[in-house]
Amino acid sequence: MKLRSLHCIALALSTFCLTLTPAQAAEFTPENPLIIKMTSFAMPTHPVVKDGFIPWGEELKEKSGGRMILELYNPNTICPDADVYDCVKSGVIDMGAQVTQRVKGALPLSNIIDMPMMYPSAEVASKVFCQLLEEFPELRAEYKDTKLFGGWSGAQFQFHTVKNPIHNISDASGLKIGAISASIVPIIQSLGSAAVSVPMSDCYLSLQRGQVDAIVCPYAFVVSTKIYEATNYSTTANLMGNGVYMCMNRDIYQSMPDDLRAILDETLNRERFELWGKVTDLGALNDIETIKKAGQQIFELSAEDIARGRELTRPVVDEWFADCEKRGQGDVARKLYARATELVTQYSAQ
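Everything numeric in this text was worked out from a predicted model, so none of it was measured. (Residues numbered from 1 in each chain as written. Predicted model: local features only at pLDDT ≥ 70, side-chain atom pairs only at ≥ 80, totals over all residues. Heavy atoms only, no water.)

### So, the packing of aromatic side chains
Applying the stated criterion to the full structure yields 13 aromatic pairs. Plain terms: the ring middles of Trp56 and Trp276 are 6.3 Å apart, the flat faces sit at 75° to each other, and that makes the pair edge-to-face. Of this pair, Trp56 sits in helix H3 (residues 47-63) while Trp276 sits in helix H12 (residues 270-293), and the two are 220 residues apart along the sequence. Comparing Trp56 with Trp276 shows no difference in burial state: the two are buried. Seen in terms of ring centroids, Tyr143 and Tyr245 are 5.8 Å apart; in terms of plane orientation they differ by 45°. Their pairing is tilted. Residue Tyr143 is located in the loop between helix H6 (137-140) and strand E4 (147-153), and its partner Tyr245 is located in strand E10 (residues 243-248); the two are separated by 102 residues in the primary sequence. Of the two residues examined, Tyr143 and Tyr245, each falls in the buried class. Positioned over the ring face of Phe149 is Lys147, at 5.5 Å from the centre of the ring. The ring of Tyr253 carries the charged tip of Arg261 above its face, separated from the ring centre by 5.8 Å. (Phe/Tyr/Trp six-rings, centres within 6.5 Å; stacked < 30°, edge-to-face > 60°. Helix = DSSP H or I, 4+ residues; strand = E, 2+ residues; numbered from the N terminus. Buried < 20%, exposed > 50% of the residue type's maximum accessible area, 1.4 Å probe, protein only. Lys NZ or Arg CZ within 6 Å of the ring centre and 35° of its normal.)

In structure tokens form, the structure reads like this:
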């Protein structure tokens, strides 16, 4: 058994006693509040933490009269980043928000939000995810071992190059492009580029040393790692986003006092998750302004190039269909994709 799994099991056993009994649940006061321990994929500087989780936590405290407190933990602190879902399920942590693809292939239908060049923004992708969760019980069933509140989309991935700007999708062909996640690799390859797996901590040096011609990542990552000091051009291409789920340990949720549980249900609604997608987009706009002031030139692919990119990356979609087919979910995946395509058109027009 892997060390990380042993770590999770040990923590689960040590915190098993924290599951609330009805008698304990009635005792929460401002002096002895219910502490909800939550971890996510995002560091404190991320827009969804600063403008999303923290204000929501303040709202929980206010609406509960100080009887419920949100306690946020950075990634890889209270539990391993890749094990957030399992740790929520087992009770190691109370709540978690994590990228769907980090759950070791256990949420295949949720990868509809990661389809290449499909979503023009995190806000649109978030609206689509929320709608699909409402319409497809098969999608919700992927989270059956926890209390699922909802989901949204992380920031879209863009091109960041050193020597030559990418004006159209064909400009990416032949480049050595650094990939910070495994999910972006097949997308890069389908565009005729060589995908080079680069750890997040090595992106700056890889660009500076000429080991890669470009990095594909969100604008926020460019700012936080100062990649813009090693690049000269960025191109908004909306290559891929990341679906994000938010769930809670089911036993802890059911053991909460009715009024505190109602506050969670009331505040973690569809509007909240769509707002967090919008917050992510606003953060990207601020990041663009930051790197522009530092001298980075910004370009944007045309609608025609986006359409061409979707054609080139179609094998990635087909591979997803094939994977779902092996799991007996091929028909559902195709219905999800068709409905998502309709919703993208609808929400983009709005």
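From this point, things continue past the structure.
### Some words on H12
Taking 1.5 Å of rise per residue, the 24 residues of H12 would be expected to cover 34 Å, and the 36 Å separating its terminal C-alpha atoms lies within 8% of that figure. Considered for burial, the residues of H12 that qualify are Arg270, Arg272, Phe273, Glu274, Trp276, Gly277, Val279, Thr280, Gly283, Asp287, Ile288 and Ile291. The positive-phi residue at the C-terminal boundary of H12 is Gly295, with phi of around 105°. (Expected span 1.5 Å × (residues − 1).)

### Focus: the pattern of salt bridges
The final tally for this structure, using the stated rule, is 16 salt bridges. Here Arg272 makes a salt bridge to Glu59, at a shortest N to O gap of 2.5 Å. In this pair, Arg272 is assigned in helix H12 and Glu59 in helix H3, connecting sequence segments 213 residues apart. Note on Arg272: relative accessible area 13%, which makes it buried. A salt bridge links Asp258 to Arg261, with the shortest nitrogen-to-oxygen separation between them at 2.5 Å. Here Asp258 and its partner Arg261 are both found in helix H11 (residues 258-267), three residues apart, which amounts to about one turn of the helix. (Salt bridge = Lys/Arg side-chain N within 4 Å of Asp/Glu carboxyl O.)

### Some points on the sheet that holds strand E7 (residues 194-197)
With respect to topology, six strands assemble into an open sheet ordered E7-E6-E8-E5-E9-E11, the strand pairing being mixed. One side of each edge strand has no neighbouring strand; the edge strands of this open sheet are E7 and strand E11 (297-300). With strand direction ignored, the average angle separating the axes of adjacent strands in the sheet is 30°. Pairing between strand E5 (residues 158-161) and strand E8 (residues 214-217): four bridges, direction antiparallel. Pairing of Phe159 across the sheet is with Val216, part of E8. (Pairing = 2+ DSSP bridges. Axes fitted to C-alpha atoms, helices over the stretch in contact; angles between N-to-C directions.)

### Topic: the sheet that holds E4
The five strands lie next to each other as E2-E1-E3-E10-E4, forming an open sheet whose pairing is mixed. Across the chains shown, the open sheet's two edge strands, defined by having one partner strand only, are strand E2 (68-73) and E4. Ignoring strand direction, the axes of neighbouring strands in this sheet form an average angle of 20°. Pairing analysis gives three bridges linking strand E1 (residues 34-40) to strand E3 (residues 95-99), with the strands arranged parallel. Following the sheet pairing, Met38 is matched in E3 by Met95.

### Let's talk about the nonpolar core
Within the largest apolar cluster, 40 residues are counted, with the highest numbers of intra-cluster contacts made by Ile112, Tyr119, Val128, Leu132 and Tyr245. Ranked by the residues each element gives to this core, the list is headed by helix H15 (residues 330-349), at eight residues. One finds Phe157, Ile177, Tyr219 and Met240 within the second-largest nonpolar core, a separate group that totals 37 residues. (Core = buried A, V, L, I, M, F, W, Y, C linked by side-chain atoms within 4.5 Å.)

### A short note on the environment of Ser126
Counting through the fold element by element, Ser126 comes out in helix H5 (residues 122-135). Taking the relative accessible area as the measure of exposure, Ser126 reaches 0% and is therefore buried. Considered as a pair, Ser126 and Ser40 are 86 residues apart in the sequence and their alpha carbons are 17 Å apart. Among residues more than four places away in sequence, those in contact with Ser126 are Gly151, Trp152, Ser153, Phe273, Glu274 and Gly277. (Contact = heavy atoms within 4.5 Å.)

### Notes on the packing of helix H14 (residues 314-326) against H15
Packing of H14 against H15 leaves a shortest axis separation of 7 Å and a crossing angle of 145°. Side by side, H14 and H15 meet where Arg314, Val317, Trp320, Phe321, Cys324 and Glu325 of the first sit next to Gly330, Ala333, Arg334 and Tyr337 of the second. Across the contact of H14 with H15, the residue classes tally to six nonpolar, one polar and three charged. (Nonpolar A, V, L, I, M, F, W, Y, C, P; charged D, E, K, R; others polar.)

### Side note on the side chain of Asp305
Relative to the elements of secondary structure, Asp305 occurs in helix H13 (residues 303-312). Buried and without a salt bridge, Asp305 has Arg308 as its closest oppositely charged side chain, separated by 7.1 Å. Separated by 2.9 Å, the side chain of Asp305 and the backbone nitrogen of Ile169 make a polar contact. (Lys, Arg positive; Asp, Glu negative; His and termini not counted. Polar contact = N/O pair within 3.5 Å; in protein donor to acceptor, adjacent residues only side chain to side chain.)

### Thoughts on empty space enclosed by the protein
Any space left empty among the atoms is revealed by the rolling of a water-sized probe across them. In this structure the tally under the stated criterion is one cavity of 30 Å³ or more. A volume near 50 Å³ is recorded for the largest cavity. Surrounding the largest cavity, His46, Pro47, Ala155, Pro218, Tyr219, Ala220, Thr280, Gly283, Ala284 and Asp287 form its lining. Those elements that place two or more of their residues in the lining of the largest cavity are helix H9 (219-224) and H12. By residue number, the principal contributor to the lining of the largest cavity is H12, which donates four residues. In the lining of the largest cavity, the residues fall into six nonpolar, three polar and one charged. (1 Å grid on protein atoms, 1.4 Å probe; cavity = no way out; pocket = protein on both sides within 12 Å on 5 of 7 lines; lining within 4 Å. Points joined across faces, edges and corners; volume = space filled by probe spheres on them.)

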